[in-house]
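Spelled out, the chains give:
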Amino acid sequence: MKIIIDNKIPFIKEAVQRIADEVACVPGKDFTPELVRDADALIVRTRTHCNRDLLEGSRVKFIATATIGFDHIDTEYCKQAGIEWTNAPGCNSASVAQYIQSSLLVWKSCRNKKLNELTIGIIGVGNVGSKVAKVARDFGMRVLLNDLPREEKEGTEQFASLSKIAEECDIITFHVPLYKEGKYKTFHLADENFFQSLKRKPVIINTSRGEVIDTNALLKALDSRIILDAIIDVWEHEPEINRELLDKVFIGTPHIAGYSADGKANATRMSLDAICKFFQIEADYKINAPAPASPIIHAKNHEEAILQIYNPVEDSTRLKNQPEQFETLRGDYPLRREETAYLIKY
């Protein structure tokens, strides 16, 4: 059995040797038809487009993407070709919630705001959005939820319309998958009309997919002060991101909100588990994130501890200083652990 793996997927090399006879680790952008022709399975990230051009004529039977999103997989072609695939839903939801939590603390300190006096609108309330809602409630914020698929299934009682969020929210954060067409289209969900409908000069946060927000409309909203600030982790046309937008956002990071070592370990484990299930392989492996260099945090309060554990300003500063290094900053991202990895002493 042969498996080809994106070489930026962590904690996997030793474990996968227990599953496959042959393993090749290559950069995600370097997957080619020649490379995958005799592979049985692929483990990829968003940089590898799994479509007819890549897969036709290969013996690939299974694709695991170690990501929540799967818009880089041509699911219709895979269905036609008899190729099964899986993603890793929820794998890095706690990591994204950590990113939002720390970003909000940095923002409220710099802008002299009280979070418990503000309303946040969460667009997309799946694994990630639900955890972000808990973070916001823990801060004492009023929370409005928007999720059309869930609203259709569960009723309107706990959900707010996009227009209500545009009217009442001080912070609006996006946690939707990217759908370019169809009933739940999210491509350019935040377009010029959306920004024109805003009433309270909110902060806009995007950690979902860059294409969910129209870059030009966002720039115009920042320039005209329709919005107060933007915190952007995902960008249109990555890695060739808009430098003007990067200069103007409050925090701008290289698509790493979900990049805690904990989230990566979860995604790796889920991908290997899926391959074992599909190929009916019994294998014994462990996937664990490394311990932090300093596992004990000394802080005056919980907010201080949170920012000692992770402060997104450091990632933002690196990207703003070297925007041309977007892919390197993302691919060689340093070890970042979530709060459960630390002992906090007050």
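Just so you know, these numbers come straight off a predicted model, no measurement behind them.

A word on the overall build of the chain. For the chain, the helix and strand inventory stands at 15 helices and 13 strands. Over its C-alpha atoms the chain spans a radius of gyration of 21 Å, differing by no more than 12% from the 20 Å that the globule rule assigns to 346 residues. Seen along its three principal axes, the alpha-carbon backbone of the chain occupies a region of about 55 × 50 × 40 Å. Relative to its full complement of 346 residues, the chain shows a buried share of 54%. Summed over all atoms, the accessible surface of the chain reaches about 16,400 Å², with 46% contributed by carbon and sulfur. Across the chain, the mean location of the 45 positive side-chain charges is 4 Å away from that of the 50 negative side-chain charges.

With that settled, the discussion passes to the UniProt feature "binding site: substrate" (unreviewed entry) in the chain. Under the UniProt annotation, "binding site: substrate" (unreviewed entry) lies at Thr 46, Thr 67 and Tyr 259. In three dimensions, the annotated residues from a span of 214 residues occupy one location, with a maximal C-alpha spread of 13.1 Å. Looking at where Thr 67 falls in the secondary structure, it is placed in the loop between strand S4 (62-65) and helix H4 (75-81). Note on Thr 67: relative accessible area 13%, which makes it buried. In terms of polar contacts, Thr 67 uses its side chain to reach the side chain of Thr 65, at 2.7 Å. Those residues within four positions of Tyr 259 in sequence are excluded, and the remaining contacts are Arg 45, Ser 95, Lys 264, Arg 330, Tyr 333 and Arg 336. In this structure the side chain of Tyr 259 is engaged in a polar contact, spanning 2.7 Å, whose partner is the side chain of Arg 45.

Evaluated as defined, the whole model comprises zero disulfides. Cys 78 carries a free sulfur, and the closest cysteine sulfur to it, the one in Cys 50, is 6.7 Å from it. By relative accessible area, Cys 78 is classed as buried at 0%.

This paragraph deals with the environment of Asn 87. Positionally, Asn 87 belongs in the loop between strand S5 (84-86) and helix H5 (93-110). Exposure remark for Asn 87: the relative accessible area of 18% places this residue in the buried category. In this structure Asn 87 touches Thr 65, Thr 67, Ile 68 and Phe 70, once residues within four positions along its chain are discounted. A distance of 2.8 Å separates a polar atom in the side chain of Asn 87 from the backbone oxygen of Ile 68.

Take the environment of Asn 51 next. Here Asn 51 lies in the loop between strand S3 (41-44) and helix H3 (52-55). Taking the C-alpha atoms as reference points, Asn 51 and Ile 73, 22 residues apart in sequence, are found 6.3 Å from one another. Aside from chain neighbours lying at most four places away, what touches Asn 51 is Asp 74 and Tyr 77.

Before going further, it helps to examine the sheet that holds strand S2 (residues 22-26). Strands in a sheet are paired, the pairing made by backbone hydrogen bonds, and the direction either parallel or antiparallel. Overall, parallel pairing links the five strands, which are arranged S2-S1-S3-S4-S5 in an open sheet. Two strands lie at the open edges of the sheet, namely S2 and S5, each paired on one side alone. Looking at each pair of strands side by side, their axes are set apart by 15 degrees on average, direction ignored. Direction of pairing for S3 relative to S4: parallel, over a ladder of four bridges. Among the inter-strand pairings, Leu 42 is bridged to a residue of S4, identified as Ile 63. Packed on one face of the sheet, helix H12 (residues 261-279) meets strand S1 (2-6), S3, S4 and S5 and runs near 165 degrees to S4.

Right, let's talk about helix H13 (residues 302-309) for a bit. Listed as buried for H13 are Ala 305, Ile 306 and Ile 309. An end-on view of H13 places all buried positions within 105 degrees of arc, on one side of the element. Looking at the buried positions of H13, the neighbouring elements they touch are H5, strand S12 (296-298) and strand S13 (343-345). For H13, the N-terminal capping position is held by Asn 301, with its side-chain oxygen 3.2 Å away from the main-chain nitrogen of Glu 303.

This paragraph deals with the sheet that holds strand S6 (residues 119-123). Strands sit in the order S7-S6-S8-S9-S10-S11 across an open sheet of six strands; the sheet is parallel. For this open sheet the edge positions go to strand S7 (142-146) and strand S11 (251-252), each flanked by a neighbour on one side alone. Most of the contacts of helix H6 (residues 127-138) go to S7, to which it runs at about 165 degrees, and overall it touches S6, S7 and strand S8 (171-174).

Conventions used here
Residues numbered from 1 in each chain as written. Predicted model: local features only at pLDDT ≥ 70, side-chain atom pairs only at ≥ 80, totals over all residues. Heavy atoms only, no water. Helix = DSSP H or I, 4+ residues; strand = E, 2+ residues; numbered from the N terminus. Rg over C-alpha atoms; globule rule 2.2 N^0.38 Å. Buried < 20%, exposed > 50% of the residue type's maximum accessible area, 1.4 Å probe, protein only. Areas by Shrake-Rupley, 256 points an atom, 1.4 Å probe, with all protein chains shown as cover. Lys, Arg positive; Asp, Glu negative; His and termini not counted. Charge placed at Lys NZ, Arg CZ, Asp CG, Glu CD. UniProt positions renumbered as here; feature names shortened; annotations may be inferred. Polar contact = N/O pair within 3.5 Å; in protein donor to acceptor, adjacent residues only side chain to side chain. Contact = heavy atoms within 4.5 Å. Disulfide = S-S within 2.5 Å. Pairing = 2+ DSSP bridges. Axes fitted to C-alpha atoms, helices over the stretch in contact; angles between N-to-C directions. Arc of directions from axis to C-beta.

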